[in-house]
Amino acid sequence: MSERESGRNGGRRSVWRRAPTPPQPPLAESPAPTSAAADGAEPASIVQAALYRDGVRVSSPATLAETFRELRKQPSGMAWIGLARPTGADLHSLAAEFDLHPLAVEDAMEAHQRPKLERYGATLFVVLRAARYLDASEEVDFGELHVFVGPDFVITVRHGAAPDLSAVRHRMEDSPELLGLGPEAVLYAILDAVVDGYAPVVSGVQIDVDEIETEVFRGDPEVSRRIYELSREMVEFQRATRPLVGMLHALMAGFAKYETDEELQRYLRDVADHVTHISERVDVFRQALTEILTVNATLVTQQQNAEMRALAEAGFEQNEEVKKISSWAAILFAPTLVGTIYGMNFDNMPELHWSFGYPFAIGLMGVVCLTLYLVFKKRDWL
């Protein structure tokens, strides 16, 4: 155990109480002092750095170098450094000071990592996927958070707007006895904040699912696209929540080995219960969306079949009308043909001077028309 770690934990009685969640401030941590920005010493990626002793903030260094110097002067202190989309220089400086593993540093730089928990010696590296529900667009926005937890430091590297780490910092500073438990307590508070942030997402998605069910049975043509988009978000949400269950169980498995405070153990189990509940809800949403998509496909197929049936019936009716018209046209064409032939003005025509020629032509027309009528009637064309 290092000198800093022994100074931090030695002789301290563990006390934990869950502090009330303060009102939600802006999504970023409170900005760092502006003096560093004025002289160009601090890159914009550093959101805030603070030094704590016995759960109380003792200083707010303006630069990483100043943070390192003050931490060396206070063996029993703890540094909490917050970064947002840091540069490579920032992370390499931290890696050199706190002996961070190169693989973990590389993951924090590249982002787009799956949620995971890895231990490199005395340092714990945690990747979390935070989420928030955007009411305006009815979408789920995901952020990524990397946390380095060591004997006397906590480093957070945030990619995206979520989570709101300023609320976590305010909560911890309002509970010195909680913050006094050390970096492990900060990690659990961050985990708790990330998991609590899933609750509004679950509520928002539940409303979306209810609306989609209504739209499906109302026959909204755009519902298929909405189902697909929400299903994709639920896949991402599942990838963010499901690994957390195993991560928290891995932390709980190390309680005895790393002598985790008993109160922290209880609250870690509480966070694990919440994660399990959220993960189960996400599974239910995915299953529900799959079933809704199946129902929607069935309804669309039924609607298409009904339309095809209506078109077929209309075509059949139209065909019947065409047959009637064609039948009467054929019947009327027969006398027209006979009349046309016998109406030709030629002297040498058969039966032209026959006394029965006219009755014969009229009779021939009648016989032909009657024969055609009977033929079409037998075939149900008339």
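It should be noted that the structure appears before, not after, this text.
Quantities reported herein were computed from a predicted structural model and do not represent experimental measurements.

About the thresholds
Residues numbered from 1 in each chain as written. Predicted model: local features only at pLDDT ≥ 70, side-chain atom pairs only at ≥ 80, totals over all residues. Heavy atoms only, no water. Core = buried A, V, L, I, M, F, W, Y, C linked by side-chain atoms within 4.5 Å. Buried < 20%, exposed > 50% of the residue type's maximum accessible area, 1.4 Å probe, protein only. Helix = DSSP H or I, 4+ residues; strand = E, 2+ residues; numbered from the N terminus. Contact = heavy atoms within 4.5 Å. Salt bridge = Lys/Arg side-chain N within 4 Å of Asp/Glu carboxyl O. Axes fitted to C-alpha atoms, helices over the stretch in contact; angles between N-to-C directions. Parallel < 35°, antiparallel > 145°, perpendicular 65-115°, else oblique. Left-handed = near helix turned anticlockwise from the far one by under 90°. Nonpolar A, V, L, I, M, F, W, Y, C, P; charged D, E, K, R; others polar. Patch = residues over 30% accessible without salt bridge, like charges linked within 9 Å, V, L, I, M, F, W, Y side chains within 5 Å. Areas by Shrake-Rupley, 256 points an atom, 1.4 Å probe, with all protein chains shown as cover. Arc of directions from axis to C-beta.

J.: Just checking my understanding: could you explain the nonpolar core for this structure?
T.: Soluble globular proteins tend to pack their nonpolar side chains together in the buried interior. L128, M172, I190, L191 and F237 are the most contacted members of the largest nonpolar core, which totals 60 residues. For this core, the element with the highest residue contribution is helix α8 (residues 183-218), accounting for 16 residues. Leave out the neighbours within four places in its chain, and F237 touches A131, F142, Y198, V201, V202, I278 and V282. If you look at the next biggest cluster of nonpolar residues, it comprises 23 residues, including L83, V105, A108 and I155.

J.: I tried to follow the side chain of R129 on my own but got confused; where do I start?
T.: Checked against the element boundaries, R129 lands in strand β5 (residues 123-134). Dropping the residues within four chain positions of it, R129 is found in contact with Q113, P115, F142, G143, E144, V194, Y198, E236 and A240.

J.: Would you mind showing me how to read the pattern of salt bridges here?
T.: When charged atoms on two side chains of opposite charge get close, those side chains can pair. Summed over the entire model, instances satisfying the criterion amount to 15 salt bridges. Ionic pairing is found between D107 and K116, a salt bridge with its closest N-O pair at 2.7 Å. Looking at K116, the relative accessible area reads 10%, which means it is buried. For the salt bridge of R129 with E236, the shortest nitrogen-to-oxygen distance reads 3.9 Å. Here the residue R129 occupies a position in strand β5, and E236 occupies one in helix α9 (residues 223-253), the gap between them amounting to 107 residues. Looking at R129, the relative accessible area reads 15%, which means it is buried. Residue class for E236 comes out partly exposed when judged on its relative accessible area of 26%. In this structure, a network of salt bridges that share partners links the residues E138, D208, E211, E215 and R226.

J.: Just checking my understanding: could you explain the packing of α9 against helix α11 (residues 262-342) for this structure?
T.: The geometry of a pair of packed helices is captured by two quantities: the angle between their axes and the separation between those axes. Two elements in contact, α9 and α11, have axes separated by 8 Å at closest approach and are oriented at 155 degrees. Regarding the angle of α9 to α11, the classification is roughly antiparallel. The two elements α9 and α11 meet at a crossing, and its hand is left-handed. In terms of residue class, the contact of α9 with α11 is made up of 21 nonpolar, seven polar and four charged.

J.: How should a nonpolar patch on the surface be read in this particular structure?
T.: A surface patch of nonpolar side chains, amounting to about 870 Å² of accessible area, comprises F333, L337, I341, Y342, M344, W354, F356, F360 and L364. Where the nonpolar patch is concerned, the elements lending two or more residues are α11 and α12 (357-378). Take the nonpolar patch: its biggest share by element is four residues, from α11. Looking at the element boundaries, F356 is found in the loop between α11 and α12. Classification of F356 by relative accessible area gives exposed; the value is 53%.

J.: What's the story with the environment of V154 in this structure? I'm lost.
T.: Within the fold, V154 resides in strand β7 (residues 153-159). Distance in space between the C-alpha atoms of V154 and G82 is 8.4 Å, their sequence separation being 72 residues. Discounting residues that sit within four places of it in the chain, V154 has contacts with A79, W80, I81, V147, F148, P183 and V186.

J.: What should I look at first to understand helix α5 (residues 102-110) in this one?
T.: Because an α-helix packs 3.6 residues into every turn, residues spaced three or four apart end up facing the same way. Along α5, the positions that sit buried rather than exposed are A104, V105, D107 and A108. Summarising the axial view, the buried residues of α5 lie within an arc of 160 degrees, below the 170-degree limit, and thus occupy one face. On its buried side, α5 packs onto α4 (88-98), β4 (116-120), β5, β6 (139-149) and β7. Phi turns positive, to about 60 degrees, at A111, one or two residues after α5.

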